[in-house]
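# Analysis of the macromolecular model
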Amino acid sequence: MRTPSSSAEKTGAAGASTARRPSAAESAPAAYGLSSEARNLHWLLTNLVEEVPGLLSVAVVSSDGLLLLSSDPGRNAERRPENPTGPKGSSADLATIVSGLGSLTIGAAKLMDGGAVKQTVVAMEEGSLFVMSISDGSLLGVHATPDCDMSVVAYHMALFVGRAGHVLTPELRSELRQSMESAR
């Protein structure tokens, strides 16, 4: 990033600062040293959490059940809403639930000759759980408040899946796994 060399470059005509602020993904310590694709996925996750009201916890889980990305601030140092509660407050718990629910619905779809599972929604008294398939067998899981707008959550999840699905290669999954393990 180029830093302005004079005060004229730092301020606009009215004296307000026009210096570019780093995005959440650029300023997140865990994003340092990652490939641009991994940083972009962190950015997409951060945007999902920040843009959609009512999200409590978000996790991207590989097809073998390993946590790849998380909205848990202890996992990838990305910004989160003020209420950090998720299932037991842990993205690892959400990842376990998402993986199990994904396996269950895939098995049910096979038994019913229903084709591929696109989305699973569990509406509970005290929250909602959304699970959406990503093209490579990975899953996007979202735990949300009971008053969330389910259609808005599903729409933004579909956007994330559409943007992330084509870049989530085996190499990137391996890089994300290693990043999550080193954050422990």
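My aim in this report is to walk through the structure given alongside it, one point at a time.

The rules behind each value
- Residues numbered from 1 in each chain as written.
- Predicted model: local features only at pLDDT ≥ 70, side-chain atom pairs only at ≥ 80, totals over all residues.
- Heavy atoms only, no water.
- Helix = DSSP H or I, 4+ residues; strand = E, 2+ residues; numbered from the N terminus.
- Expected span 1.5 Å × (residues − 1).
- Buried < 20%, exposed > 50% of the residue type's maximum accessible area, 1.4 Å probe, protein only.
- Arc of directions from axis to C-beta.
- Contact = heavy atoms within 4.5 Å.
- Pairing = 2+ DSSP bridges.

Let us look at helix 6 (residues 150-164). Given 3.6 residues to a turn, an α-helix orients residues that are three or four positions apart in the same direction. The end-to-end C-alpha distance of helix 6, which contains 15 residues, comes to 21 Å, matching closely the 21 Å that a straight helix rising 1.5 Å per residue would cover. Listed as buried for helix 6 are V153, A154, M157, F160, V161 and A164. End-on view of helix 6: buried residues confined to an arc of 120 degrees, all on one side of the axis. Facing away from the buried surface of helix 6 by more than 90 degrees, the exposed residues are S151, Y155 and G162. Buried residues along helix 6 sit in contact with helix 3 (36-51), strand 1 (55-61), strand 3 (119-124), strand 4 (127-133) and strand 5 (139-144).

This paragraph deals with the environment of L34. The topology assignment puts L34 in the loop between helix 2 (24-27) and helix 3. Given a relative accessible area of 11%, L34 falls into the buried group. When sequence neighbours within four positions are dropped, the list of residues in contact with L34 reads R39, H42, E175 and S179.

Let us now look at the pairing of strand 2 (residues 67-70). Where strand 1 and strand 2 come together, three bridges link them in antiparallel fashion. From the neighbouring strand, A59 faces strand 2, where its bridge partner is S70. The antiparallel pairing of strand 1 with strand 2 creates a hairpin that spans five residues between the two strands, and G65 there sits at a positive phi of about 90 degrees.

What follows covers the side chain of T120. Mapping T120 onto the fold places it in strand 3. Looking at T120, the relative accessible area reads 11%, which means it is buried. Among all residues touching T120, those that are not within four sequence positions of it are L101, T105, L129, F130 and V131.

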